[in-house]
There are 2 protein chains.
Amino acid sequence: MSESYAGKINRKLQKKRRIINAAAGREPADLVLKNASYVNVFSNEICQGDIAVAEGLIVGMGSYSGKTEDDCGGKIVLPGFLDAHIHLESSLVSPREFARAVLPHGTTTVVTDPHEIANVMGTDGIEFMLQATEGLPVDVRFMLPSCVPATPLDESGAALDYRAIDSFYDHPRVQGLAEMMNFVGIIAGDDQPVEKIVASQAHHKKIDGHAPDLQGNDLNAYIAAGVYSDHECHDLQDAIAKLERGQFIMIRDGTAARNLEALAPLLCDKYAERCMFCTDDKHPNDLLEKGHIDYIVKKAIALGADPITAVKVACHNAARYFLLNNRGAIAPGYLGDFVIIDNFQDFNIRRVYKKGVLMAENGVPREIPEPKIEPYLLERAYDTFHLQTLAPEDFADHRPRGIIGMVPGEITTVDAGYSDRIDVEYDVLKIAVVERHKNTRHIGVGYLQGYGLKSGAVATSISHDSHNIIVVGCTDADCAAAANHVAELGGGIVVWDGGVKAEVPLPIAGIMSDRPLLEVNEALEAAKATAHALGVSQDIDPFMTLSFMALPVIPSLRITTRGVFDVTSQNYI
Amino acid sequence: MSESYAGKINRKLQKKRRIINAAAGREPADLVLKNASYVNVFSNEICQGDIAVAEGLIVGMGSYSGKTEDDCGGKIVLPGFLDAHIHLESSLVSPREFARAVLPHGTTTVVTDPHEIANVMGTDGIEFMLQATEGLPVDVRFMLPSCVPATPLDESGAALDYRAIDSFYDHPRVQGLAEMMNFVGIIAGDDQPVEKIVASQAHHKKIDGHAPDLQGNDLNAYIAAGVYSDHECHDLQDAIAKLERGQFIMIRDGTAARNLEALAPLLCDKYAERCMFCTDDKHPNDLLEKGHIDYIVKKAIALGADPITAVKVACHNAARYFLLNNRGAIAPGYLGDFVIIDNFQDFNIRRVYKKGVLMAENGVPREIPEPKIEPYLLERAYDTFHLQTLAPEDFADHRPRGIIGMVPGEITTVDAGYSDRIDVEYDVLKIAVVERHKNTRHIGVGYLQGYGLKSGAVATSISHDSHNIIVVGCTDADCAAAANHVAELGGGIVVWDGGVKAEVPLPIAGIMSDRPLLEVNEALEAAKATAHALGVSQDIDPFMTLSFMALPVIPSLRITTRGVFDVTSQNYI
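This is a predicted model, so every value here is computed, not measured.

Trainee: Residues and numbers for the overall build of chain A, please.
Mentor: Within chain A, the secondary structure is distributed over 18 helices and 28 strands. The principal-axis extent of the C-alpha atoms belonging to chain A is close to 85 × 50 × 50 Å. Taking all 573 residues of chain A together, the buried fraction comes to 66%. Taking contacts inside chain A between residues at least 6 apart in sequence as the whole, the part at least 24 apart equals 68%.

Trainee: Provide a residue-level description of the environment of Ser547 of chain B, including the pertinent values.
Mentor: Residue and element names in this part refer to chain B. On the secondary structure map, Ser547 appears in helix 18 (residues 544-547). Placed 77 residues apart in sequence, Ser547 and Ile470 show a C-alpha to C-alpha distance of 7.5 Å. Other than its neighbours up to four places away in sequence, Ser547 contacts Ile462, Ser463 and His464.

Trainee: I'd love a proper account of the nonpolar core, names of residues and values included.
Mentor: Ranked by internal contacts, the top residues of the largest apolar core, which has 336 residues, are Phe277 and Tyr451 of chain A together with Phe277 and Tyr451 of chain B. In contact with Tyr451 of chain A, other than residues within four places in its own chain, are Met406, Asp427, Leu429, Val458, Val472, Gly535, Val536, Ser537, Ile540, Pro542 and Leu546 of chain A. With 20 residues, the next largest nonpolar core counts Phe385, Val471, Ala480 and Ala482 of chain B among its residues.

Trainee: Tell me about the packing of helix 12 (residues 293-302) of chain A against helix 13 (residues 307-314) of chain A, and name the residues and values.
Mentor: Residue and element names in this part refer to chain A. Axis separation between helix 12 and helix 13 bottoms out at 9 Å; the angle between their running directions is 155°. Regarding the angle of helix 12 to helix 13, the classification is roughly antiparallel. When the axes of helix 12 and helix 13 are compared, the crossing they make is right-handed. Judged by residue contacts, Ile293, Val297, Ala300 and Ile301 of helix 12 engage Pro307, Ala310, Val311 and Ala314 from helix 13. Residues belonging to the contact of helix 12 with helix 13 are distributed by class as follows: eight nonpolar, no polar and no charged.

Trainee: Please set out the relation of the copies chain A and chain B residue by residue, giving values where relevant.
Mentor: Least-squares fitting of chain A to chain B yields an RMSD of 0.1 Å, with the superposition described by an axial translation of 0.0 Å and a rotation of 180°. The symmetry that links the two subunits is that of a two-fold axis. Closest approach to the rotation axis among the C-alpha atoms of chain A is made by Asp269 of chain A, whose C-alpha sits 3.6 Å away.

Trainee: Outline the interface of chain A and chain B, listing residues and values.
Mentor: Interfaces are frequently sized by the accessible area removed from exposure as the parts join. Facing 70 residues of chain A, the contacting portion of chain B comprises 70 residues. For the pairing of chain A and chain B, the buried interface totals around 5,500 Å² over both sides, and the portion due to carbon and sulfur atoms is 53%. Sorting the residues of chain A by area buried against chain B places Phe42, Glu273 and Arg320 of chain A first, and these three jointly supply 12% of that buried surface. The tally of links between chain A and chain B comes to six salt bridges. Here Glu45 of chain A makes a salt bridge to Lys270 of chain B, at a shortest N to O gap of 2.8 Å. Seen at the junction of chain A and chain B, the total is 28 residue pairs in polar contact (both at pLDDT 80 or more).

Trainee: Break down the sheet that holds strand 10 (residues 206-209) of chain B for me, citing the residues and quoting the values.
Mentor: Residue and element names in this part refer to chain B. An order of 6-7-8-9-10 is seen for the five strands of this open sheet, with the pairing classed as parallel. Two strands in the sheet have a free side with no partner beyond their single neighbour: strand 6 (81-86) and strand 10. When strand polarity is set aside, the average angle formed by the axes of neighbouring strands in this sheet is 30°. Of the pairings in the sheet, the one linking strand 7 (residues 107-112) to strand 8 (residues 139-144) comprises four bridges and is parallel in character. Bridge pairing in strand 8 places Thr112 opposite Phe142. Where helix 12 (residues 293-302) meets the sheet, its contacts fall on strand 6 and strand 7, and the angle it forms with strand 6 comes to roughly 105°.

Trainee: Could you give me a rundown of helix 2 (residues 95-102) of chain B, with the residues and numbers involved?
Mentor: Residues and elements named next belong to chain B. Most of helix 2 sits out of view: seven of its eight residues are buried. Along helix 2, the residues that are buried comprise Pro95, Arg96, Glu97, Phe98, Ala99, Ala101 and Val102. For helix 2, the secondary structure elements touched by its buried residues are strand 6, strand 7, helix 4 (123-132), helix 11 (284-289) and helix 17 (517-533).

Trainee: Break down the sheet that holds strand 26 (residues 557-560) of chain B for me, with residues and values.
Mentor: Residue and element names in this part refer to chain B. The sheet built from three strands is open, its strands ordered 26-27-28 with antiparallel pairing. Whereas interior strands pair on both sides, the edge strands pair on one side only; in this sheet they are strand 26 and strand 28 (571-572). As paired strands, strand 26 and strand 27 (residues 563-566) are joined by four bridges and run antiparallel to one another. Looking at strand 27, one finds that Thr560 is bridged to Gly563.

Trainee: If you had to explain the side chain of His467 of chain A to someone new, which residues and values would you point to?
Mentor: For His467 of chain A, the location among the structural elements is in the loop between strand 22 (457-460) and strand 23 (469-473). Not counting residues up to four positions away in its chain, the partners in contact with His467 of chain A are Glu116, Val120, Arg436, His437, Ser461, Ile462 and Ile511 of chain A.

Trainee: Outline a negative patch on the surface, supporting the account with residue identities and numerical values.
Mentor: Side chains of Asp269 and Asp306 of chain A together with Asp269 and Asp306 of chain B sit close together on the surface and give a patch of like negative charge. Looking at where Asp306 of chain B falls in the secondary structure, it is placed in the loop between helix 12 and helix 13 (307-314).

Trainee: How would you explain the packing of aromatic side chains if you had to name every residue and give the values?
Mentor: Per the stated rule, a full pass over the model turns up 16 aromatic pairs over all chains. Ring geometry for Tyr162 of chain A and Tyr5 of chain B: centres 6.4 Å apart, planes at 55°, overall tilted. Within this pair, whereas Tyr162 of chain A is found in helix 5 (residues 162-166), its partner Tyr5 of chain B is found in helix 1 (residues 5-24), the two belonging to separate chains. Looking at Tyr162 of chain A, the relative accessible area reads 2%, which means it is buried. Tyr5 of chain B sits in the partly exposed class, given a relative accessible area of 31%. Both rings, one in Phe338 of chain A and one in Tyr353 of chain A, keep their centres 6.3 Å apart while their planes meet at 75°; by these two values the pair is edge-to-face. Taken as a pair, Phe338 of chain A in strand 14 (residues 338-341) and Tyr353 of chain A in strand 15 (residues 349-354) lie far apart in primary sequence, 15 residues in all. Taken together, Phe248, Tyr321 and Phe322 of chain A form an aromatic cluster joined through their ring pairs. Above the ring of Phe248 of chain B, the side-chain terminus of Arg274 of chain B is found at 3.7 Å from the ring centroid.

Trainee: Residues and numbers for the pairing of strand 19 (residues 413-419) of chain B, please.
Mentor: All names here are of chain B. Looking at chain direction, strand 18 (residues 401-406) and strand 19 are connected through five bridges and run antiparallel. Residue Gly402 lies in a different strand from strand 19, and its bridge partner there is Tyr418. Hairpin geometry of strand 18 and strand 19 is characterised by an intervening segment of six residues between the two adjacent antiparallel strands and by a positive phi of about 80° at Gly409.

Trainee: How would you summarise the pattern of salt bridges if you had to cite specific residues and measurements?
Mentor: The final tally for this structure, using the stated rule, is 73 salt bridges over all chains. With its nearest N and O atoms 3.8 Å apart, the salt bridge here joins Asp394 of chain A to Arg441 of chain A. Of the two residues, Asp394 of chain A sits in the loop between helix 15 (375-381) and strand 18 (401-406) while Arg441 of chain A sits in the loop between strand 20 (428-434) and strand 21 (443-449), which places them 47 residues apart along the sequence. You can call Asp394 of chain A partly exposed: its relative accessible area is 22%. Note on Arg441 of chain A: relative accessible area 47%, which makes it partly exposed. We note a salt bridge from Arg421 of chain B to Asp420 of chain B, for which the minimum N-O separation is 3.0 Å. Exposure remark for Asp420 of chain B: the relative accessible area of 34% places this residue in the partly exposed category.

Trainee: Hey, could you go over the environment of Gly328 of chain A for me, with residue numbers and the actual values?
Mentor: Residues and elements named next belong to chain A. Its location among the elements puts Gly328 in the loop between helix 14 (316-321) and strand 14. Residue Gly328 is classed as buried on the basis of its relative accessible area, which comes to 8%. Measuring from C-alpha to C-alpha, the distance between Gly328 and Phe338 comes to 9.4 Å, with 10 residues separating the pair along the chain. When sequence neighbours within four positions are dropped, the list of residues in contact with Gly328 reads Val41, Pro79, Cys315, His316, Ala319 and Tyr334.

Quick notes on the rules
Residues numbered from 1 in each chain as written. Chains lettered and ligands numbered in written order. Predicted model: local features only at pLDDT ≥ 70, side-chain atom pairs only at ≥ 80, totals over all residues. Heavy atoms only, no water. Helix = DSSP H or I, 4+ residues; strand = E, 2+ residues; numbered from the N terminus. Buried < 20%, exposed > 50% of the residue type's maximum accessible area, 1.4 Å probe, protein only. Contact = heavy atoms within 4.5 Å. Core = buried A, V, L, I, M, F, W, Y, C linked by side-chain atoms within 4.5 Å. Axes fitted to C-alpha atoms, helices over the stretch in contact; angles between N-to-C directions. Parallel < 35°, antiparallel > 145°, perpendicular 65-115°, else oblique. Left-handed = near helix turned anticlockwise from the far one by under 90°. Nonpolar A, V, L, I, M, F, W, Y, C, P; charged D, E, K, R; others polar. Least-squares fit on C-alpha atoms with pLDDT ≥ 70 in both. Buried area = accessible area lost by both parts, 1.4 Å probe. Salt bridge = Lys/Arg side-chain N within 4 Å of Asp/Glu carboxyl O. Polar contact = N/O pair within 3.5 Å; in protein donor to acceptor, adjacent residues only side chain to side chain. Pairing = 2+ DSSP bridges. Patch = residues over 30% accessible without salt bridge, like charges linked within 9 Å, V, L, I, M, F, W, Y side chains within 5 Å. Areas by Shrake-Rupley, 256 points an atom, 1.4 Å probe, with all protein chains shown as cover. Lys, Arg positive; Asp, Glu negative; His and termini not counted. Charge placed at Lys NZ, Arg CZ, Asp CG, Glu CD. Phe/Tyr/Trp six-rings, centres within 6.5 Å; stacked < 30°, edge-to-face > 60°. Lys NZ or Arg CZ within 6 Å of the ring centre and 35° of its normal.

All we've got here are geometric facts, nothing functional implied.
The structure is reproduced here in structure tokens:
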């Protein structure tokens, strides 16, 4: 809509007048939550009264009547929850399906870092996610990916410097620069990462951190550079050291990392003001079985946190950090985002409102219209595999290569020596990463021990952070066939044994499905079972574990498109 | 300086690298406060360590060495203080002299509403104050005046609608829209005041409130309209009602209104996060005798507040409210603004640093260069009296007029009947307001009882909020002579008795001196003594009381340029 400034002010004036009239009681509100007991994050207590909403905003608490009334007697009304840091792609579904999944859990705002899709599609990936989240009833805010590619060793779909992402800061849903993982580069004063911080600051935007265990003057340097938060704290001392130096602490409890238990002591008067909750990654079954931020709040209360403090951390604190000052509280002028629960102990979510509209009831979300995405972006997102059909010979290698030794229950690995052949009996399998973005024909080959596969191959295009195809197989032919099928699907997870035994198509950039979460989860769980049936150890997630095998920052050995890499010695071996 | 975006990023990169290097300890810091005990507003405790500063920013706490070192052993280091709401003009001195006065008291940031000068000079007044504060070592931030003129009855120098002030939102030191005093207009949904709020929100700026005793759904309406704070709370219940609804509470303790004692219970865990300190108005002798925000902090501690809480309210909370996120804490990345005190009980301020530069020591400020002001603005500020020379006949009036009855110790007045002549014996004096902005020759005449003047006249161009000339005299000739001399001075305070007996020239817009605070205070105190010697009652401030006589919002009778006005009945009498 083309609109003059005077026209805009006049339009907003009309809307504001309607809000004022409803607040003053001269006109009925659009919605009134009658007889509500609600969490007041300002006075840190439970207050009583009707909550009136007009034009999507809370206009007042007190005594009100409305066109729609919802009797909340006996229940507790909370502000909508906010996930302070997530990669939406990790849910394996489109943003719309993600929204349908988290709304019944009370999430009304998430701050996403489209790091995964940006590694595949570059700035087109960011734009795709912006368009795919436009108008969703979960307000999706963005932090711009700061590390694409994740490392200089990566062969990703794009490399983004500060200039590449700069124009996105003008987008009204972009809050800043996402987790600056390259803390080594910041502390060294390297141009590229420091420029990104400087540019985000020039736009008056936030910069999130990612610096596990950083301390002392190096931590000072990282924070002084302009990094305002951290979500990697896994022990209390680390968190307090960062908090004391001014960083906001995102207490993370997601699928891949769960830090709430260690950090629960932060949820006290002394520290809570500087804390918020995030999940970082939420996989389909985790979302379905446990929930989202509601699960963290419930768990925090079970761990002894004051319920009002836990709720405040789940909504208000993150909102203030991200300068989303119209949410995270039940007060005049705030968004009509509500979570109605039965009580703090059971924490069953009865209804969820977004901007005063009922969006979920007893776990069932309302239908959400599909956001409109520009055709060129859709085409681009569904066409991200650029490689030639693979033959068994592409995986053949007669030189000895390193054996990556898996550690049950961990994503770290050990150096398990060398091999020049597959040996299924001794659980020495072939592992390879196939570059798939730019048809470079780069294929890195090595060996994997501890996976347990007895027959066939497993391949996936979810492989952090470049999302090339990673494949583990019992023969070179199995490797080729499984990887080829991933490419044929336009991305996904494939279990192959003489044919497709299971598959999870992920055609959006090779990392997300366009199907509902429930359906994706079923396919994924079926594929896991199939992989286990083919011998993959029960204590290993067959796909998630593989997805980290190509991330050359986790010790000790990793597989890259250029071969096996020793993270400890920083050498190819 | 004309600079490309790429050039700007590169310049900031170089500066950031220097900060990182100093933080990491690779280069010496510019300044190190050695062996400091400092207030940590994040962990709410006293921490120990060296505090290092480079490029004006704190780069780290720990163990550091610097080009300049200041041993802070045995002392306590606090972040610089912030006044959340003041009208700088009320100090009667120029911003530079104000800065010299408050720096020794630890104030490093103030948020001013140039309401007074804007009533005289309109947007030129705002621009004058912006230029007059540029580069001062007290960072002066602005809230744009929302109510010029203060009432429709006022004859001020300008009338500012939202369009008039709109371009100022782009100025980097403008934080939003100042106290929206017209809460009646907001609740009624009137175009002009609501447009101003809407426009400030369109610029993503703050809106401060001013709504004494407003409650219930009307308070909801005022807050829902977009008013984020209040500094008019004079009792605890009023403050909590506003705080619970989401407003930030500015606890005011200044010259004209002192609310700290009533509101001190807010300085507790439950509420303090939503509170800050302000003075609103600080007159010269009050600044000199008591101090500024330091006085409030000291008094709060004496009233039983936790010292760390009081300090946090004095710096951090206001900074966060105004989105001045680089100050109000001692942590990496924050401004090197420090107040070094001996201890919390005595609260003697030893040294004050602004951006790492020592600006005051043991009460003595460093010299401050005069900010450069465009000549046209200087000329405009020194030429704000546009009226013809007054004759005694201009004050003559043979019709009966209302008698304004003064109430000792109050700024309210009572209706004291009618008179058609001066009667010094019965303390019935002439009072008049002379329009002085636009040569309209409007002179409102009435009578005043209770002032006590026995001979001559007192005149001042400080008369809220339009700053016309207000004069009280024993004869029409005295009135004319005193008012004429105010105009000759280009503004000021005059005590006349057959000639000038005392004067305080205020040539900047007729409301500020260009002399140092000490000198202005001496002249002012001498003038007060002279006025008292001429009979003005000892329990009346001869000038401040007069300055409120023309404000047609305080009951019951006021004098305006159009005659005596009854605020209660809203009629001229």
